[in-house]
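Residues per chain, in single letters:
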Amino acid sequence: MNISIFAEGAQTTADAEEGVIAKHYFQGLFEPISNLEQEISKYAETELHILSDEFGYLKGETPIQEIASKNASSEESMEEFANAIVSAGKTADIIVVLLSASSFKNTVGSRWDDILSTAQKNTTWCFGASKGALDAIDIPALESKVKNIIIYQRAGVAPIGRETRTQLLNIVREGN
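These notes cover the structure that comes with them.

Rules behind the numbers
Per chain, residue numbering runs from 1 following the sequence as it is written. Only residues with pLDDT of at least 70 are given local features in this predicted model, and only at 80 or more are side-chain atom pairs given and counted; all residues enter the totals for whole chains, interfaces and linings. Only hydrogens and water are removed before side-chain values are computed, so all heavy atoms of the structure are retained for them. In the sections that follow, a salt bridge refers to a side-chain nitrogen of Lys or Arg positioned within 4 Å of a carboxyl oxygen of Asp or Glu. Working definition: helices are DSSP H or I runs of at least four residues, strands are E runs of at least two. Numbering for both runs from the N terminus. Relative accessibility thresholds used throughout: buried, under 20% of the residue-type maximum; exposed, over 50%; partly exposed, between the two (1.4 Å probe, protein chains only). Think of the arc as the fan of directions from the helix axis to the C-beta atoms. Any two strands between which DSSP finds at least two bridges are classified as paired. Orientation is described by lines fitted to C-alpha atoms, with helices fitted over the stretch in contact, and by angles between N-to-C directions that extend from 0 to 180 degrees. Note on contacts: a residue pair is in contact if any heavy atoms of the two residues lie within 4.5 Å.

## A word on the pattern of salt bridges
Oppositely charged side chains can pair when the atoms bearing their charge come close.
Right, on to step 1. Scanning the entire structure with this criterion turns up 8 salt bridges.
Right, on to step 2. The salt bridge partner of E79 is R111, with a shortest N-O separation of 3.4 Å. Here R111 lies in the loop between α5 (101-109) and α6 (112-118) and E79 lies in helix α4 (residues 74-91), a separation of 32 residues in the sequence.
Right, on to step 3. Measuring nitrogen to oxygen at the nearest pair gives 2.6 Å for the salt bridge that ties R111 to D114.
Right, on to step 4. Classification of D114 as partly exposed rests on a relative accessible area of 31%.

Now the structure itself:
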């Protein structure tokens, strides 16, 4: 089983020591994402995608030294990140997207038609975003195409709620 997780980096970071990778570099508000990825990776192959204000689009396994030399514009990074979400819809069994309202609208919202056209029948999608961001997409259109949809309506800074996390982990443990 393949699981793709899409999230934003955090302002709080670890020291940029040699050998540190992106998923261990971001801390603070990123820790729930990192913990979720770590838990899911016990049951499935995971790929963590990170959108950082400072560094752009990164994969979780990217060495910190590569991050420091990355110079993509925020528009290019946002487009690359959105393309990765669309691509994951074609290949991953579970797609988890946990973003702030603006990032959600600029990635998922701007590519919603592409996401709908590429989403596979036996996939599970998990979205964590604000009510306004979630209301801007046609969730019932995706529900009719895929196996499961899990929604976490963010009201604060937590990228995923306890109940949503439990529901997602149960699906992962059951093998989607």
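## So, α5
Right, on to step 1. Within the span of α5, buried status applies to S103, F104, T107 and V108. All buried residues of α5 fall inside an arc of 100 degrees around its axis, so they share one side.

## Brief notes about the sheet that holds strand β6 (residues 148-154)
Right, on to step 1. Pairing is mixed across the open sheet formed by 6 strands, whose spatial order is β3-β2-β1-β4-β5-β6. In this open sheet, the two edge strands, each paired with only one partner strand, are β3 (56-59) and β6. Adjacent strand axes in the sheet meet at a mean angle of 10 degrees when their direction is disregarded.
Right, on to step 2. Note: strand β1 (residues 2-8) against strand β4 (residues 94-98), 5 bridges, orientation parallel. Bridge pairing in β4 links F6 to V97.
Right, on to step 3. Helix-sheet contacts for α5 involve β1, β2 (45-52), β4 and β5 (124-130), and the interaxial angle to β5 is about 135 degrees.
Right, on to step 4. Each of β1, β4, β5 and β6 is contacted by helix α9 (residues 162-173), which is oriented at about 160 degrees to β6, the strand it contacts most.

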